[in-house]
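These are the residues of each chain, in order.
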Amino acid sequence: MAPMTSRIPDKATVDGLEDRWNEAWEAAGTYRFDESKTREQVYSIDTPPPTVSGSLHVGHVFSYTHTDVVARFQRMRGREVFYPMGWDDNGLPTERRVQNYYGVRCDPTLPYVEGYEPPFAGGEGKSVKAADQQPISRRNFVELCERLTAEDEKQFEALWRHLGLSVDWSRTYQTISPSSQAVAQQAFLRGLSRGECYQAEAPTLWDVTFRTAVAQAELEDRERPGAYHRLAFEPAADMEEATGSYESVWIETTRPELLPACVALVAHPDDERYKPLFGTHVRTPLFGVEVPVVAHHLANPEKGSGIAMICTFGDITDVTWWRELRLPTRPVLGWDGRVLPEAPSGIESAEGLAAYGELAGMTVFSAQKRIVEMLQEAGVMDGDPRAISHPVKFFEKGDKPLEIVTTRQWYIRNGGTDAALNAELVARGSELDFEPDFMRVRYENWVKGLTGDWLISRQRFFGVPIPVWYPVLADGSPDFDNPLVPSEEALPVDPSVDVPAGYEASQRDVPGGFTGEKDIMDTWATSSLTPQIVCGWRDNPALFAATFPMDLRPQGQDIIRTWLFSTVVRSHAEHGTLPWKHAAISGWILDPDRKKMSKSKGNVVTPMGLLESHGSDAVRYWAAAARLGTDAAFDEGQMKIGRRLAMKVLNASKFVLGATGISTAAGSSLAEGLEATAHVTAAPVTEALDAAMLSALADVVDAATKALEGYDHTKALEVAETLFWTFCDDYLELVKARAYDGAAPGEAIDPHAPCSEGAASARAALTLSLQTFLRLFAPVLPFATEEVWSWFQEGSVHRAAWPVPAPLREAAGEASQGAPLLAAAGEALSVLRKVKSEAKVSQRTPLASVDLLVPAAKATLVRAAKADLLAAGRVEAMQIVDTEAALEPNVDGLGTEDGSPDAIADPTVMRTENAVLGEA
């Protein structure tokens, strides 16, 4: 026969497989999506576009591997998988990275500089203080954002390819690209025409560092030190008249600096202490403004003195009180987080105006310190502040507590102020198949707990422009009530550059002309449209029909309230349907201290080093070993197990291909290897052990398929891996001699040469098993399985059909004992190995004779594998003794003289007696 060629290496290794197979997959278009397929043939995935603002971490590898397992399984099931990858470019994270990376900051008042180069390029620029960052125009700043994200995307794609994500790399998208902007702007304009998008001047959560509005979904509570300040409000004349009392009303507050913004005091309607005061007025300390005492059910009688001041605005509860009680507005904080220079309405006395002047222009921190001094000096504060610790609202990416300022913003209706819409969106959640199902309650709790509509406008620079202009009135003010909008055909537009229809550029920002909207959309306002962006809603109707609604939304649990919910909102409004059928929710990665890994906590592990040191298949194995919705510990030990499994796939496959003769044929040509494979697998399976192997494998195929259909990749991996190790450790050893049919192990086998019936049976079972195991492992170990598949099969294993149990069961026959026979034979082999281990001799040492004591329930099974046991254990003579029979007196001399069963150990355990070692 022809000598072996390099198709099957002399020494198999997982090292270097990633680069070789990624190149091959790209060249062959293995994962390229075929647009000619119908919706019934397509499985479409709404892949999370990672934020391109730094490096990926191991948590990304964890969750994206889960998605890729689904994609590979569905592709092997015959579905045409639509699996694009996107990059979430726009938003604050990118702006912050650009500022640090290039040492710049955006100043929209500056002119554009052609060919601008930043002071830094490369490195993080962290040595540059914010005050020293070079101011540049908005257009120059956006160009730098685009430049850096393009570089980051290359690194992200390289890592994803190395991990083996089977996405269609010809279909990448960016959330800031012109096509994505056009989709986001079209959806906005349609929502505007239906009344779903609207603008309003209202209290707004505000980050003073970034000077931008923040949505409810972007909030997080952080425990912060604070203090209660006990202040005296003097009764106004109507209170004195109504109650006959001149006593002060004491309140406790953590925000004394907002005292000039006070518009009322509030207590619970059932609080007997304050019922007589409702409808009367008090005067604010220092400022002398009369404010009413009102009742509201949200007031907590157990908190502080039981009565609180309402300020515009200290927190979200203030906003609720202000809205529901129809109170006036007295703003005191500006966009920069400083006290406004002009006193709010209501402060009219000379004393009050003087007190306010002491605070004007101060930061919140300084204003609080000064007003406490003023209150103490005036004798209207009881004692010193009482220190506490309490949760404070922060923007999730911010460094300072949020303030609430009154601004004009754009909103999308999301059920926060509309009970009917809220109920509809809750119902949409009940239609969605959550994997795992317990994640559904997080969606429902979020929707039911909304307190306002979705604020989508941001006072930032790098993002999708809100596509409206406003007429400028004769007095130079914008007419916000009558926005000018572009046609859908004109999209995308930038109102700061483009001119609305019917106007000329010279009319910008002049009376009788127009002014462009300066705000951009929140990043989620674009990301919530990823199904519309990737499926071609705006420009590819055929693709949209073939892919939407999509099949799967995979994502993390922490963005159920943002990405998942916002996408449901947009699809419900635009299409009247869910955007996908299933939502697969991954858990978190925990560090050794059982804390969630995140960039903000500084405890993340960057993945490329892991992929290079352990191999991508090994890291994927670790990820796949964790179920959806379950938090998993970062565990390099598990990755080492995965590497060992991948290596075993390579080495066991080499053995099988050698023992069957397929490697000899494949060494001549792939065509001969294919023909040899077909010839070997056509032989009848006649031996009980071979049939048992195939029967057990058929059961595993059933279980793994059912698990993957239910998005339980962990169960599928568990059942396949468990049987595979039995296959390697026991079955291969048991049938090795029979498969070689007298030839020495490693000797070249001619697959077409006549062989014994037992050898042909072993070779058929080995080959069928190998072909099945490779396909079972392919979704998790794509590189090792593709490597082996290429040794003797055509095409890619990832385009091969997913295994089904019928051919295995047909080959095994109806009389197969399945897993029990396989397990019993393996246990017997283990007992024979133990004899030699305890004797401290090589496993190659023969046993001249041995009595194998077998529990009655397993005796028949072991006898069926006796011939293979003799060969694998190198046993010359073996008597298989039923332990129940052995307990009877005087049976083969194994019982005691009086027939006592005490002479025999536990009869349910397989063991040996009278073992005689042969000569080594």
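Here, the structure is the one placed above.
Conventions adopted
- Residues numbered from 1 in each chain as written.
- Predicted model: local features only at pLDDT ≥ 70, side-chain atom pairs only at ≥ 80, totals over all residues.
- Heavy atoms only, no water.
- Helix = DSSP H or I, 4+ residues; strand = E, 2+ residues; numbered from the N terminus.
- Buried < 20%, exposed > 50% of the residue type's maximum accessible area, 1.4 Å probe, protein only.
- Contact = heavy atoms within 4.5 Å.
- Areas by Shrake-Rupley, 256 points an atom, 1.4 Å probe, with all protein chains shown as cover.
- Lys, Arg positive; Asp, Glu negative; His and termini not counted.
- Charge placed at Lys NZ, Arg CZ, Asp CG, Glu CD.
- Salt bridge = Lys/Arg side-chain N within 4 Å of Asp/Glu carboxyl O.
- Arc of directions from axis to C-beta.
- Phe/Tyr/Trp six-rings, centres within 6.5 Å; stacked < 30°, edge-to-face > 60°.
- Lys NZ or Arg CZ within 6 Å of the ring centre and 35° of its normal.
- Core = buried A, V, L, I, M, F, W, Y, C linked by side-chain atoms within 4.5 Å.
- Pairing = 2+ DSSP bridges.
- Axes fitted to C-alpha atoms, helices over the stretch in contact; angles between N-to-C directions.
- Parallel < 35°, antiparallel > 145°, perpendicular 65-115°, else oblique.
- Left-handed = near helix turned anticlockwise from the far one by under 90°.
- 1 Å grid on protein atoms, 1.4 Å probe; cavity = no way out; pocket = protein on both sides within 12 Å on 5 of 7 lines; lining within 4 Å.
- Points joined across faces, edges and corners; volume = space filled by probe spheres on them.
- Nonpolar A, V, L, I, M, F, W, Y, C, P; charged D, E, K, R; others polar.

Re the overall build of the chain
Regarding its fold elements, the chain presents 29 helices and 29 strands. Its C-alpha atoms give the chain principal-axis dimensions of about 115 × 75 × 50 Å. Evaluated residue by residue, the chain yields a buried proportion of 55% over its 920 residues. Pairs at least 24 apart in sequence give 77% of the contacts found in the chain among residues at least 6 apart. Entry remark: accessible area of the chain is about 38,100 Å², with carbon and sulfur atoms responsible for 50%. Charged side chains in the chain number 87 positive and 129 negative. The centres of these two groups are separated by 2 Å.

Focus: the pattern of salt bridges
A full pass over the atoms with the stated rule returns 53 salt bridges. Three or more residues are tied together by salt bridges with common partners; here these are Glu26, Arg32, Glu35, Glu157, Arg161, Asp168 and Arg171.

Some details on helix 11 (residues 440–448)
Among the residues of helix 11, those classed as buried are Arg440, Tyr443, Glu444, Trp446 and Val447. All buried residues of helix 11 project into a common sector of 165 degrees when viewed along the axis, lining one side. The exposed set on the far side of helix 11, more than 90 degrees from its buried face, consists of Asn445 and Lys448.

Details of the packing of aromatic side chains
Within this structure, the stated rule accounts for 28 aromatic pairs. Relative to Phe480, the ring of Tyr470 lies with its centre 4.9 Å away and its plane at 70 degrees, an arrangement referred to as edge-to-face. Of this pair, Tyr470 sits in strand 20 (residues 469–471) while Phe480 sits in the loop between strand 20 and strand 21 (514–516), placing them 10 residues apart in sequence. An aromatic cluster of at least three residues, connected via ring pairs, comprises Phe724, Trp725, Phe727, Tyr731, Phe773 and Phe777. Positioned above the aromatic ring of Trp563, the side-chain terminus of Arg553 is 3.1 Å from the ring centre. The ring of Trp725 has Arg644 sitting right over it, with the charged end atom 4.3 Å from the ring centre.

A word on the nonpolar core
Residues Phe727 and Tyr731 are the most contacted members of the largest nonpolar core, which totals 104 residues. Residue contributions to this core peak at 15 residues, all from helix 22 (residues 713–740). Not counting chain neighbours up to four residues away, the residues in contact with Phe727 comprise Val656, Met693, Leu732, Leu766, Ser769 and Phe773. Counting 73 residues, the second largest nonpolar core, distinct from the first, contains Tyr101, Tyr173, Phe188 and Val534.

Description of the sheet that holds strand 28 (residues 878–882)
Sheets are built from strands paired through backbone hydrogen bonds, the pairs being either parallel or antiparallel. Read from one edge of the open sheet, 3 strands run 28-27-29, paired in mixed fashion. Both outer strands of the open sheet, strand 28 and strand 29 (911–917), are each paired with one neighbouring strand and no more. With direction set aside, neighbouring strand axes in the sheet form an average angle of 10 degrees. Across 5 bridges, strand 27 (residues 847–854) lies against strand 29 in antiparallel orientation.

As for the packing of helix 22 against helix 23 (residues 757–777)
Packing of helix 22 against helix 23 leaves a shortest axis separation of 10 Å and a crossing angle of 155 degrees. Judged by the angle between their axes, helix 22 and helix 23 are roughly antiparallel. By crossing handedness, the relation of helix 22 to helix 23 is classed as left-handed. Contacts from Leu717, Ala720, Glu721, Leu723, Phe724, Phe727, Tyr731, Leu732, Val735, Arg738, Ala739 and Tyr740 in helix 22 reach Gly758, Ala759, Ser761, Ala762, Arg763, Ala765, Leu766, Ser769, Phe773, Leu776 and Phe777 in helix 23.

Brief notes about unusual backbone geometry
The step from Glu435 to Pro436 runs through a cis peptide bond, and the omega angle for that step is 0 degrees. Position of Pro436 among the secondary structure elements: in the loop between strand 17 (433–435) and helix 11. A cis amide bond links Leu491 to the next residue, Pro492, at an omega of 0 degrees. Locating Pro492 in the fold gives a position in the loop between strand 20 and strand 21. Of note in this structure, Leu286 is not a glycine but carries a positive phi near 75 degrees.

Observations regarding the sheet that holds strand 17
Pairing within the open sheet is parallel, and its 3 strands lie in the order 17-24-23. Both edges of this open sheet fall to strand 17 and strand 23 (550–556), since each of them pairs with a single strand only. For this sheet the average axis-to-axis angle between neighbouring strands, irrespective of direction, equals 20 degrees. The pairing of strand 17 with strand 24 (residues 580–586) spans 3 bridges and is parallel. Bridging across to strand 24, Glu435 finds its partner in Ala584. Sheet strands touched by helix 15 (residues 560–575): strand 17, strand 23 and strand 24. Its angle to strand 23, the strand with the most contacts, is close to 160 degrees.

Overview of the pairing of strand 13 (residues 290–295)
Looking at chain direction, strand 11 (residues 262–267) and strand 13 are connected through 3 bridges and run parallel. Each residue of the ladder has a partner; that of Leu265, found in strand 13, is Val293. Strand direction decides the pairing type here: strand 12 (residues 281–283) and strand 13, joined by 3 bridges, are antiparallel. For His281, the partnering residue across the bridge sits in strand 13 and is Pro292.

Examining helix 28 (residues 866–873)
For helix 28, the complete set of buried residues consists of Asp868, Leu869 and Gly873. Along the axis of helix 28, the buried residues cluster in a sector spanning 115 degrees; they form a single face. On its buried face, helix 28 is in contact with helix 21 (688–709), helix 22, helix 26 (819–838), helix 27 (856–864) and strand 28. Downstream of helix 28 by a residue or two, Arg874 has a phi angle that is positive, lying close to 55 degrees.

A look at the pairing of strand 16 (residues 403–412)
Two faces belong to every sheet, and in a regular strand the side chains alternate between them. Counting buried residues in strand 16 gives 8 out of 10 residues, a clear majority hidden from the surface. Bridge count for strand 7 (residues 197–207) against strand 16 is 10 bridges, and the pairing is antiparallel. From the neighbouring strand, Leu205 faces strand 16, where its bridge partner is Ile404. Alignment of strand 16 against strand 18 (residues 454–455), held across 2 bridges, turns out to be antiparallel. Bridge assignment links Tyr411 to a residue of strand 18, and that residue is Leu455.

Regarding empty space enclosed by the protein
Using the criterion set out here, one finds 5 cavities of 30 Å³ or more in the structure. Considering only enclosed or pocket space, the largest cavity measures out at about 120 Å³ in volume. Looking at the largest cavity, it is lined by 13 residues, and the ones nearest its centre are Trp25, Glu26, Tyr31, Val167 and Trp169. If you tally residues by element for the lining of the largest cavity, the top one is helix 1 (residues 17–28), at 3 residues. Here the second largest cavity defines a volume of roughly 80 Å³. What lines the second largest cavity is simply Val69, Ala704, Leu708, His713, Ala716, Leu717, Ala720, Leu776, Phe777, Pro779 and Val780. Taken together, the elements giving at least two residues each to the lining of the second largest cavity come down to helix 21, helix 22 and helix 23. In terms of residue class, the lining of the second largest cavity is built from 10 nonpolar, 1 polar and no charged.

Worth remembering: the numbers are spatial, not functional.
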